[in-house]
Amino acid sequence: MKITVEQIKDLEAQGATLEPDAAERARLREQVVDYLESYIEDLPQGKAFQRDPGPGPNLNRREKAPDLQHLIEILREEVDLPGINAASGGHLGYIPGGGIYTAGLGDWIAAVTNHYGGIFFGGPGAVRMENALIREIADWVGYPADSAGNLASGGSMANMIGIVSARQALQIDSRRVRKCVVYSSTQAHHCLQKAFRIVGMGEMVWRDIPLDDQFRMRPDELRRQIDRDIQKGLQPSIILGAAGSTDTGAIDPLDTLADIAEHHHMWFHIDAAYGGFFSLLEEEKHKFKGMERSDSLVLDPHKGLFLPYGLGVALVRHASPILAAHHYQANYMQDAQDAQSEWSPADLSPELTKHFRALRLWLPLRLHGLDPFLAQLREKRMLAQYLAQQLPVLGYKLVCQPELSVVAFHWAQGPESDWDHHSRHILQKLEDHGQVFLSSTRLQGHFVIRAAILSFRTHLDTVHTLIELLDKFRPSTNA
Ligand SMILES: *Cc1c(COP(=O)(O)O)cnc(C)c1O
């Protein structure tokens, strides 16, 4: 069949709605802006949590919608309401994320300009921006000039990049993997075990090292276990340290762990996804001493820098293992190879084509400067201390003093066999109420409630609301 110009032109016309004109763009944009404005304005009165009522009628529909407004209504009804409202300052569960507006503007620009963030040749500006941010964060944490890293989609991916780099540096292959030992704690984030499995290191010997009463890894126990393993003919290989554990915000004795790793030529990986950016605060810095001596390190700007979900930073102390683990050459990439004067993110991570992820961090950092971020972190830390002061007054027991901005507590009055029941009941009441959302964990054999204060919208009023609710839902008064 002969292809005619008319046929092609006809298809061009049929697809033209994918390129709205300036007037149409303005119309669509206004609707989105209106929606987002009401979303933000309604946050303070809205709930932080609503139980999912089950699927609504629209998300499974496949036909073309009449207009954008129609789709925005579906978002309002079937997406915005159920579950945790991650944009709400009342979100104190798990580790809250952020969603600062200017990062959203960065994402918008990144999507519309669609600069290629994967390879230097294709997007030199986007790649330079990513590398400059990696360099900046490396400087913050005291990593050397020959360090490298990647802006990954989150902490889980960033941890995986660190672990793959360890595997590369230590040459842990399938013949050796069962002899190699990783030392961690029961407080390590589960994404680490997941990463080990994904990258083929799931058969390593895994040792959970006992913790002190602040839930930090005990170096004496670690040394003892390493000695035992050496005697058994095993190869101590990786230490996983936490700089801000999820459950309690615990920070392992990093400097001592670095000594031990150095002594045994082991790889020292630190998961600072939650806690890492608190090290920027002068008064908290000492807790992170030794972080700069790790071999790989993870920080989550979508937690500690209040960005929207979708950004975790992997740093590796020396560039060679992360490059060796991810670098790849393909024939169809040969033009790109010649033009490298900067590392390409594609050579430092599993991704090739990459969203212009750097912009969502660069724009807010350069627009606001670092100071308001530090003020927010300092405020969150103080709110946690303030809450920790108030809880015992209400009769709650702190599991430990908050190290950063997570407060773990429970009801520990009356017969011990009733404590968990009471704590679970209190959390249930909070969920039913919905104004603030907290989550729970198990510590020291008990059901424990956690308030994780990290949303940039969480302020004193939120904590006061929480205190009021915790007062109201106390076992003694809610009978
Ligand atoms: C959140 C978190 C992770 C996982 O990161 P994601 O960004 O959720 O993938 C890992 N470790 C710690 C300590 C965390 O708080």
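Only a predicted model underlies this, so the values are computations on that prediction, with no experimental measurement involved. (Residues numbered from 1 in each chain as written. Predicted model: local features only at pLDDT ≥ 70, side-chain atom pairs only at ≥ 80, totals over all residues. Heavy atoms only, no water.)

What about the overall build of the protein chain?
Check the secondary structure of the protein chain and you find 16 helices and 13 strands. For 479 residues, the compact-globule estimate of 2.2 N^0.38 gives 23 Å, and the C-alpha radius of gyration of the protein chain, at 25 Å, lies within 12% of that figure. Overall, the protein chain is about 80 × 60 × 45 Å in size when its C-alpha atoms are taken along their principal axes. Looking at the protein chain residue by residue over its 479 residues, the buried ones come to 50%. A fraction of 74% describes how many contacts in the protein chain between residues 6 or more apart in sequence connect residues 24 or more apart. Surface exposure of the protein chain reaches about 22800 Å², of which carbon and sulfur atoms provide 54%. (Helix = DSSP H or I, 4+ residues; strand = E, 2+ residues; numbered from the N terminus. Rg over C-alpha atoms; globule rule 2.2 N^0.38 Å. Buried < 20%, exposed > 50% of the residue type's maximum accessible area, 1.4 Å probe, protein only. Contact = heavy atoms within 4.5 Å. Areas by Shrake-Rupley, 256 points an atom, 1.4 Å probe, with all protein chains shown as cover.)

Regarding the packing of helix α8 (residues 219-231) against helix α9 (residues 254-263)
Orientation of α8 relative to α9, taken along the N-to-C sense of each, is 15°, at an axis distance of 10 Å. Classified by the angle their axes make, α8 and α9 are roughly parallel. When the axes of α8 and α9 are compared, the crossing they make is right-handed. Each of Pro219, Leu222, Arg223 and Ile226 in α8 lies in contact with α9, whose residues at this interface are Thr256, Leu257 and Ile260. Residue composition of the contact of α8 with α9, by class: 5 nonpolar, 1 polar and 1 charged. (Axes fitted to C-alpha atoms, helices over the stretch in contact; angles between N-to-C directions. Parallel < 35°, antiparallel > 145°, perpendicular 65-115°, else oblique. Left-handed = near helix turned anticlockwise from the far one by under 90°. Nonpolar A, V, L, I, M, F, W, Y, C, P; charged D, E, K, R; others polar.)

Quick look at helix α4 (residues 101-113)
Helix length check: α4 (13 residues) gives 18 Å between terminal C-alpha atoms against 18 Å at 1.5 Å per residue, within 8%. On its buried face, α4 is in contact with α13 (359-368). Just downstream of α4 lies Asn114, where phi reads positive at about 55°. (Expected span 1.5 Å × (residues − 1).)

Notes on the pairing of strand β7 (residues 267-272)
With 6 of its 6 residues buried, β7 lies for the most part within the structure. Because side chains alternate across β7, one face comprises the buried residues Trp267, His269 and Asp271, and the other comprises Phe268, Ile270 and Ala272, equally buried. Relative to β7, strand β6 (residues 235-242) runs parallel, the two sharing 5 bridges. Bridging from a neighbouring strand, Ile238 pairs with Trp267 of β7. After leaving β6, the chain enters α9 and then returns to the sheet as β7, a path that is right-handed. (Pairing = 2+ DSSP bridges. Right-handed = clockwise from strand over helix to strand, strands pointing away.)

Regarding the packing of aromatic side chains
Tallied over the entire structure, the rule returns 9 aromatic pairs. Ring geometry for Tyr94 and Phe437: centres 5.9 Å apart, planes at 40°, overall tilted. Taken together, the residues Tyr94 in the loop between β2 (83-84) and α4 and Phe437 in the loop between α15 (416-433) and β12 (439-443) connect sequence positions 343 residues apart. The class for Tyr94 is partly exposed, based on a relative accessible area of 47%. Clustering of aromatic rings is evident, with ring pairs tying together Phe49, Tyr94 and Phe437. The aromatic ring of Tyr143 is capped on one face by Arg317, whose charged end is 5.8 Å from the ring centroid. (Phe/Tyr/Trp six-rings, centres within 6.5 Å; stacked < 30°, edge-to-face > 60°. Lys NZ or Arg CZ within 6 Å of the ring centre and 35° of its normal.)

Points about the site of the ligand
Near the ligand lie 15 residues; those nearest to it are Gly155, Ser156, Asp271, Asp300 and Lys303. One of the side-chain nitrogen or oxygen atoms of Thr246 is found 3.5 Å away from an oxygen atom of the ligand. If the ligand stood free it would expose 380 Å²; the protein chains cover 85% of that surface. When residues of the shell around the ligand are traced back to their parent elements, those giving at least two are α6 (155-170) and α10 (301-304). Split by residue class, the shell around the ligand holds 4 nonpolar, 8 polar and 3 charged. (Near = heavy atom within 4 Å. Polar contact = N/O pair within 3.5 Å; in protein donor to acceptor, adjacent residues only side chain to side chain.)

Things to note about a nonpolar patch on the surface
Among the surface-exposed residues, Val32, Leu36, Tyr101, Leu105, Trp108 and Val112 lie close enough to one another that they form a single nonpolar patch of about 540 Å² accessible area. Where the nonpolar patch is concerned, the elements lending two or more residues are α2 (22-42) and α4. Considering each element in turn, the nonpolar patch owes the most residues, 4 residues, to α4. Mapping Val112 onto the fold places it in helix α4. (Patch = residues over 30% accessible without salt bridge, like charges linked within 9 Å, V, L, I, M, F, W, Y side chains within 5 Å. Salt bridge = Lys/Arg side-chain N within 4 Å of Asp/Glu carboxyl O.)

A closer look at unusual backbone geometry
Its identity is not glycine, yet Tyr94 carries a phi of approximately 40°, on the positive side. Non-glycine residue His265 carries a positive phi angle of around 55°. The topology assignment puts His265 in the loop between α9 and β7.

A look at the sheet that holds strand β11 (residues 406-411)
Note on sheets: strands pair through backbone hydrogen bonds, and any given pair is parallel or antiparallel. Taking strand neighbours across the sheet as the criterion, the 4 strands line up as β10-β11-β13-β12 in an open arrangement whose pairing is antiparallel. Looking along the sheet, the strands with just one partner apiece sit at the ends: β10 (396-398) and β12. Pairwise comparison of adjacent strand axes, ignoring direction, gives a mean angle of 40° for this sheet. The pairing of β12 with strand β13 (residues 446-452) spans 5 bridges and is classified as antiparallel. Each residue of the ladder has a partner; that of Leu443, found in β13, is His446.

Concerning the side chain of Arg357
Relative to the helices and strands, Arg357 resides in the loop between α12 (334-338) and α13. Aside from chain neighbours lying at most four places away, what touches Arg357 is Leu151, Ala152, Ser153, Gly310, Leu311 and Glu351.

Description of the sheet that holds β7
One open sheet accounts for 7 strands, arranged β3-β9-β8-β7-β6-β4-β5; its pairing is mixed. The strands lining the two open edges of the sheet, one partner per strand, are β3 (148-152) and β5 (205-208). When the angles between neighbouring strand axes are averaged without regard to direction, this sheet yields 15°. Pairing of strand β4 (residues 180-184) with β5 involves 4 bridges; the strand directions are parallel. Residue pairing in the sheet places Val182 in a bridge with Trp206 of β5. Each of β3, β6, β7, β8 (296-299) and β9 (312-316) is contacted by α6, which is oriented at about 175° to β7, the strand it contacts most.

Everything listed here is a matter of coordinates, which is why it stays silent on function.
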